[in-house]
Amino acid sequence: MNRNLKDGLNLFSKLNSRRILNAVKLFSSYYISKTIKKPIQWGMPLSMEIEPTTSCNLRCPQCPSGLREFTRDTGMLDLNLYKKIIDELHPELVWLILYFQGEPFLNKSFLEFVKYAASKNLYTATSSNAHYFNDEMAKATVESGLDRLIISIDGTNQETYSKYRKGGQLNKVIEGTENLLKWKKELGIQTPHIIWQFIAFKHNEHQIPEIKKLAKEIGVDELGIKTAQIYDYQTSNEFIPENEDLSRYSKTETGYQIKNKLLNQCWRMWRGSVITWDGLVVPCCFDKDATHRFGNITKQSFKSVWSGEQYNNFRKAILKSRKEIDICTNCTEGTKVWN
């Protein structure tokens, strides 16, 4: 059976009547809201992102975690707080992304997060720079019940890889991937679905044929070629690929502009949200510094935040004029190139 099909079937296995009904409510309220240009919100989140930590071992130049440019605190998600969140959300929740900023595996409780979510029959996914998958950790990760693991690999040699993944070692990424694949085979476990994610930049776009070949040789389940988010795209082209098919931005006479037309709609505001390591509820993964804070679940329930005035006012602003919201101006609503 195709490995992507297996992953899809695994995701659908998490559905039950309550979760399906909730998804119908969310889709319905979203499309009604788009039509009448007023926020109507039915149901609870279908997917959530929860941040294990803001700490990271690398220094990637287009990442606020790597650059240490956060104005918010750096820290680790507490296991008890995490369980409180899952206990409230799991009846309707389907997809749980255990990642926002930072390297998730730096949190020593990370695999406990996965196991607890798996016990609630949630589909769990995370993203890692794969520098911590020694043989023991690789085995524990496969045994944890993690459903999807995205591994960042932005080059086929050390020179290219480290131009963006500063402080990283390509050999560790490859070795860690091989350890994971070995234990999947030895234990007879189909998960996690391992995706190598190659972010296309100017300095590595020529290596796409090479990364395709290497991914096939290593035997990962999937290779994703992803467009890069560039913070100073208007004035800088250091990282923007020459091939515009691999870029979120197009050239103009004065620089670059984002391809997205920024329509006054956003499914993200209905499907779920992001919770930071210290309990802040923010709209989506583009609010990396948590500037739009709708509440804090250390002090209140998530449901009260989700249906609260601040959240609905933000949804209303999205439907009125999305281009006026700072975190939306560099958003592609999930635009990617997948090969």
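This text gives an overview of the structure that appears in the document. (Residues numbered from 1 in each chain as written. Predicted model: local features only at pLDDT ≥ 70, side-chain atom pairs only at ≥ 80, totals over all residues. Heavy atoms only, no water.)

## With respect to the sheet that holds strand 11 (residues 295–296)
With respect to topology, nine strands assemble into an open sheet ordered 6-5-4-3-2-1-9-10-11, the strand pairing being mixed. Lying at the two open borders of the sheet, with one neighbouring strand each, are strand 6 (222–227) and strand 11. Alignment of strand 10 (residues 280–282) against strand 11, held across two bridges, turns out to be antiparallel. Paired with Leu280 across the two strands is Asn296, which belongs to strand 11. (Pairing = 2+ DSSP bridges. Helix = DSSP H or I, 4+ residues; strand = E, 2+ residues; numbered from the N terminus.)

## Some points on the packing of helix 4 (residues 79–89) against helix 5 (residues 110–119)
Relative orientation of the contacting elements helix 4 and helix 5 amounts to 20 degrees, with a least axis distance of 11 Å. With respect to each other, helix 4 and helix 5 are oriented roughly parallel. As helix 4 runs across helix 5, the sense of the crossing is right-handed. Of the residues in helix 5, those touching helix 4 at Leu79, Tyr82, Lys83, Ile86 and Asp87 are Glu112, Phe113, Val114, Tyr116 and Ala117. Grouping the amino acids of the contact of helix 4 with helix 5 by side-chain chemistry returns seven nonpolar, no polar and three charged. (Axes fitted to C-alpha atoms, helices over the stretch in contact; angles between N-to-C directions. Parallel < 35°, antiparallel > 145°, perpendicular 65-115°, else oblique. Left-handed = near helix turned anticlockwise from the far one by under 90°. Contact = heavy atoms within 4.5 Å. Nonpolar A, V, L, I, M, F, W, Y, C, P; charged D, E, K, R; others polar.)

## Description of the packing of helix 6 (residues 135–144) against helix 8 (residues 170–187)
Their axes nearest at 8 Å, the elements helix 6 and helix 8 cross at an angle of 55 degrees. Here helix 8 runs oblique to helix 6, going by the angle between their axes. Our pair here, helix 6 against helix 8, has a crossing hand that is right-handed. Each of Asp135, Ala138, Lys139, Thr141, Val142 and Glu143 in helix 6 lies in contact with helix 8, whose residues at this interface are Asn179, Leu180, Lys182, Trp183, Lys184 and Leu187. Grouping the amino acids of the contact of helix 6 with helix 8 by side-chain chemistry returns five nonpolar, two polar and five charged.

## Some words on the pairing of strand 1 (residues 47–50)
Burial along strand 1 is two-sided: the residues Ser47 and Glu49 and Met48 and Ile50 are all buried. Relative to strand 2 (residues 95–97), strand 1 runs parallel, the two sharing three bridges. For Glu49, the partnering residue across the bridge sits in strand 2 and is Ile97. As paired strands, strand 1 and strand 9 (residues 274–275) are joined by two bridges and run parallel to one another. Looking across to strand 9, one finds that Ile50 is bridged to Ile275. (Buried < 20%, exposed > 50% of the residue type's maximum accessible area, 1.4 Å probe, protein only.)

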